[in-house]
Amino acid sequence: MDWGALHTILGGVNKHSTSIGKIWLTVLFIFRIMILVVAAERVWGDEQDDFICNTLQPGCKNVCYDHFFPISHIRLWALQLIFVSTPALLVAMHVAYRRHEKKRQFRKGDQKCEYKDIEEIRKQRFRIEGSLWWTYTSSIFFRLVFEAVFMYAFYFMYDGFRMPRLMKCNAWPCPNTVDCFVSRPTEKTVFTVFMIAVSSICILLNVAELCYLLTKFFLRRSRKAANPKHHPNHENKEETKQNEMNELISDSCQNTVIGFSS
Amino acid sequence: MSWGFLRDLLSGVNKYSTGIGRIWIAVVFIFRLLVYIVAAENIWKYEHDEFECNIKQPGCENVCFDHFFPVSHIRLWALQLIMVSTPSLLVVFHVAYRENREKHHNQKLYKSPGEIDGGLLYTYLISLILKTGFEIVFLVLFYKLYNGFKVPRLVKCDIRPCPNTVDCYISKPTEKMIFLYFLVTTSCLCIVLNLSELSYLIFKYSIKCYLKRVIKNRQGSKSDCHKSEIISHNRPAAAGAVPKQLPVLASEHTR
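In this text, all values refer to a predicted model and were calculated from it rather than measured experimentally. (Residues numbered from 1 in each chain as written. Chains lettered and ligands numbered in written order. Predicted model: local features only at pLDDT ≥ 70, side-chain atom pairs only at ≥ 80, totals over all residues. Heavy atoms only, no water.)

1. Thoughts on the overall build of chain B
Put simply, the rule reads: Here a helix means four or more residues in a row that DSSP labels H or I, a strand means two or more in a row labelled E, and each is numbered from the N terminus. Exposure is judged per residue with a 1.4 Å probe applied to protein chains only, and the accessible area is read against the type maximum: over 50% gives exposed, under 20% gives buried, and values in between give partly exposed. Note on contacts: a residue pair is in contact if any heavy atoms of the two residues lie within 4.5 Å. To measure how exposed things are, a 1.4 Å probe is used in the Shrake-Rupley method; for residues, cover is taken only from the protein chains shown.
A tally of helices and strands in chain B yields 10 helices and three strands. Beginning at the N terminus, the succession of helices and strands in chain B can be written as α-α-α-β-α-α-α-α-β-β-α-α-α. Classification of the 255 residues of chain B by burial places 46% in the buried group. Restricting the contact set of chain B to residue pairs at least 6 apart, pairs at least 24 apart contribute 75%. For chain B, the accessible surface area stands at approximately 13500 Å², while carbon and sulfur atoms represent 60% of it.

2. A few points about the overall build of chain A
A tally of helices and strands in chain A yields nine helices and three strands. The N-to-C order of helical and strand elements in chain A reads α-α-β-α-α-α-α-α-β-β-α-α. Taken over 262 residues, chain A has a buried fraction of 47%. Summarising the internal contacts of chain A: among those between residues at least 6 apart in sequence, 77% fall at separations of at least 24. When the accessible surface of chain A is split by element, carbon and sulfur atoms take 62% of a total near 14000 Å².

3. Digging into the nonpolar core
Within soluble globular proteins, side chains that are nonpolar generally end up buried alongside one another. So the rule is basically this: Definition used in this section: a nonpolar core is a set of buried Ala, Val, Leu, Ile, Met, Phe, Trp, Tyr and Cys residues joined via side-chain atoms within 4.5 Å.
Counting residues in each nonpolar core, the largest one holds 122 residues, and the members touching the most others are W3, L36, F51 and F69 of chain A together with F51, W77 and F179 of chain B. When residues in this core are grouped by element, the largest group, 17 residues, is from helix α2 (residues 19-43) of chain B. Setting aside anything within four residues of it in sequence, one finds L36 of chain A in contact with W3, E41, I74, W77, A78, L81 and M195 of chain A. By size, the runner-up hydrophobic cluster in this structure holds 12 residues, among which are V91, L125, L198 and L201 of chain B.

4. Points about the pattern of salt bridges
Quick reminder of the rule: The salt bridge definition used is simple: a Lys or Arg side-chain nitrogen within 4 Å of an Asp or Glu carboxyl oxygen.
Tallied over the entire structure, the rule returns 12 salt bridges over all chains. A salt bridge links E147 of chain A to R32 of chain A, with the nearest nitrogen and oxygen atoms 2.7 Å apart. Residue E147 of chain A is located in helix α7 (residues 131-158), and its partner R32 of chain A is located in helix α2 (residues 19-43); the two are separated by 115 residues in the primary sequence. Taken as a pair, E147 of chain A and R32 of chain A share a single burial class, namely buried. Salt bridges sharing common partners tie together E47 and R75 of chain A together with E175 of chain B.

5. Things to note about the sheet that holds strand β1 (residues 52-53) of chain A
Residue and element names in this part refer to chain A. Put simply, the rule is: In this description, strands pair whenever DSSP reports at least two bridges between them. Interaxial angle, 0 to 180 degrees, is taken between N-to-C directions of lines fitted to C-alpha atoms, where a helix line uses only the stretch in contact.
Reading across the sheet, the three strands line up as β1-β3-β2 and stay open at both edges, with antiparallel pairing between neighbours. Unpaired on one side and paired on the other, β1 and β2 (166-169) mark the two borders of the sheet. Packed on one face of the sheet, helix α3 (residues 60-68) meets β1, β2 and β3 (178-181) and runs near 110° to β2.

6. Re the interface of chain A and chain B
Our working rule: By buried area we mean how much accessible surface two parts lose on assembly, using a 1.4 Å probe and totalling the loss over both. For the purposes of these results, a polar contact is taken to be a pair of N or O atoms within 3.5 Å, where, inside protein, one atom must be able to donate a hydrogen and its partner to accept one; residues adjacent in sequence count only when each atom of the pair is a side-chain atom.
At the interface, 33 residues of chain A touch 35 residues of chain B. Taking both partners together, chain A and chain B bury about 3100 Å²; carbon and sulfur atoms supply 66% of that area. At the boundary of chain A and chain B, one finds two salt bridges. R75 of chain A is the partner of E175 of chain B in a salt bridge, and the nearest nitrogen-oxygen pair spans 2.8 Å. The interface formed by chain A and chain B includes seven residue pairs in polar contact (both at pLDDT 80 or more).

This is the structure in structure tokens:
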């Protein structure tokens, strides 16, 4: 049970996402989770051991470390990634619920049901419209909120995104103001800036996806209002082709991700 | 053998759960198990090495650490996760028993072995009660062992061989406290989900029972709504009679 399991869970949602959603998922797994696991964890691995204070007073180092790092960067990022990935589950649950309903209809022998067998229902890709549109849009909204909250928490807790080399500490039991030195400050600053940059890119992708969905929604409404007797089948075929192309692109990306993730 | 085993176990239970049960499984996977493995384990990894006492007396640190942490937070957390996931096995065993019984008798005894009715309903309810019970027991244990969910920076220790009252400093107390509160919040959320599922199931099946009785009273025949829906191929007349008497409820059982 690790990040790979999260990848399996979210991989299912990928099929029903828009193209921007698929890009977001790829950025999340390659530039955030993978970087966290293979690089960032090692940089912060020895953070308390190599946090040195210029005093022999026992306990001073512990107390100063706790004062300056109430929650480690690496843990905050892990929590951020978990919270940001979770809204996609809402979409997964909605899709599962719809599939369940279709299976029920199919088993009842409903004549409205156009599927030949259960396998077709399982493999079917749902269009983002109706209630699924609302679920999907809410999930993007929550993602944005979580990203923003965690970025703000980061900024607030660490007074910016720079890791200083030296911190001055006078918490008890340190006898007076003591110099404490952080291990690998430059490397930590580089990774912090990188993670913040990728978070910002993810926020931009989410905003773009939200705008795209809203634009599509309003266009569809105005088209329905202007032309109530339009032919849905023709639109369906075009969109299905586009979706298939998107799936091919995303599947090739996913294969690359699977190759990297453990 | 690792947490992947627990994950596979819970995935197996997912098939026989209600909607709320599936949300519970998702919360346990993502907000408890995943957080434990990727974040919490590393915080408590070197807790003994980083526990420092203001004394050079050999053995004093060991004794004080043992006194203040009889069972480490992280071990209690792991035990809680295991104990809370295990009652779901009862449901899996019961479904396996039903399937075996059908195989043994070589006939369809149940509408669907995985459907929550009759004996399986009681097993499911018992598993929910046990899950909730374990959650509450562990929360109380945490509270009693550590005098609340706070982790102090400094603890004073005067156990032999420490020569007098000695200051001992715990490492990363704030981070540990944040994750403990996270644990408590997710436990409480799981308790709420379990209780809602319990109420939902009891309510749903009471209504079903009540409606069955009302319909059968009107038809003038007796019913026993504690037996599960048993269909036998040897008695097609009886099976055929059931849908006529219960037109409303029959549709609920098809999946």
